[in-house]
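The primary structure of each chain is shown beneath.
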Amino acid sequence: QVQLVASGGGLVQAGDSLRLSCAASGNNFGAYALGWFRQAPGKEKEIVAAISRSGNKTDYPDSVMGRFTVSRDNAKSTVYLEMNNLNADDTALYFCAAGYKALLTTGLVRAAQYDYWGQGTQVTVSS
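Residues numbered from 1 in each chain as written. Predicted model: local features only at pLDDT ≥ 70, side-chain atom pairs only at ≥ 80, totals over all residues. Heavy atoms only, no water.

1. Overview of the nonpolar core
For soluble globular proteins, nonpolar side chains are generally found buried alongside one another. The biggest cluster of nonpolar side chains holds 31 residues, and the ones touching the most others in it are W36, F68, L81, M83 and Y94. Counting residues per element, the ones that place at least two in this core are β1 (3-7), β3 (18-25), β4 (33-39), β5 (46-51), β7 (68-73), β8 (78-83), β9 (92-99) and β11 (121-126). Discounting chain neighbours no more than four positions away, the residues touching L81 are L18, R19, L20, W36, V48, A49, F68, T69, V70 and Y94. Listed in part, the eight residues of the second largest apolar core include A50, A97, L104 and Y114. (Core = buried A, V, L, I, M, F, W, Y, C linked by side-chain atoms within 4.5 Å. Buried < 20%, exposed > 50% of the residue type's maximum accessible area, 1.4 Å probe, protein only. Helix = DSSP H or I, 4+ residues; strand = E, 2+ residues; numbered from the N terminus. Contact = heavy atoms within 4.5 Å.)

2. Quick word on the sheet that holds β7
Adjacent strands of a sheet form backbone hydrogen bonds with each other and so pair up, either parallel or antiparallel. Spatially, the four strands line up as an open sheet ordered β1-β3-β8-β7, and their pairing is antiparallel. In the strand order of this sheet, the two ends are held by β1 and β7, each with one partner. Taken over all neighbouring pairs, the strand axes of this sheet differ in orientation by 15° on average, direction set aside. The sheet contact formed by β7 and β8 spans six bridges and is antiparallel. Looking at β8, one finds that V70 is bridged to L81. (Pairing = 2+ DSSP bridges. Axes fitted to C-alpha atoms, helices over the stretch in contact; angles between N-to-C directions.)

3. A closer look at the packing of aromatic side chains
In this structure the tally under the stated criterion is six aromatic pairs. On the basis of an interplanar angle of 80° and a centroid distance of 6.3 Å, the ring pair of F95 and W117 is categorised as edge-to-face. Within this pair, whereas F95 is found in strand β9, its partner W117 is found in strand β10 (residues 116-117), the two being separated by 22 residues in sequence. Here F95 falls in the buried class, since its relative accessible area comes to 11%. Between Y114 and W117 the ring centres are 6.3 Å apart and the planes differ by 65°, which places this aromatic pair in the edge-to-face class. Residue classification places Y114 among the buried residues on the basis of a relative accessible area of 4%. By relative accessible area, W117 is classed as partly exposed at 27%. Feature note: the residues F37, F95, Y114 and W117 constitute an aromatic cluster, connected by ring pairs. One Lys or Arg, K45, reaches over the ring of F95 and ends 4.8 Å from the middle of that ring. (Phe/Tyr/Trp six-rings, centres within 6.5 Å; stacked < 30°, edge-to-face > 60°. Lys NZ or Arg CZ within 6 Å of the ring centre and 35° of its normal.)

In C-alpha cells form, the structure reads like this:
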C-alpha cells in the first residue's frame, strides 16, 4: 500500500508554467513506476507522462511532448510534473499514479494498469 498526495495545481494563464508534485508515503517508493494522468470534464482519463522506477526512462503523448517533463526524487518519495507553455486544452484534474508492474515502464499504458492513485489536483488554464 502507498498513499499519494498531489499538489501544485492552480489557475494560470495561457503560456504560464506549473510544477505539480506528488508525495508518497511508504518505504518502497523506488519500487514503483509512476504515471501522471489528467481528466477534463466529459473526457476520458488520459496519460500525460510515465516514468520508470529509476527515472531513467520517460514517455509522453504527442499532446504534451516538449512541454511537460516528469521527474522523480526517490530520496524524497516524490514525483514531479513540470508543465510549460500551458494552454486551455491542458485544463483538467491531474492525478499521479503508481504501480509495481514492469509493463508500466514500457510506455503510455492504460490507467487500469496502475494500482494506486492520488486524489488529484486541479489545473485551470485561461486562454
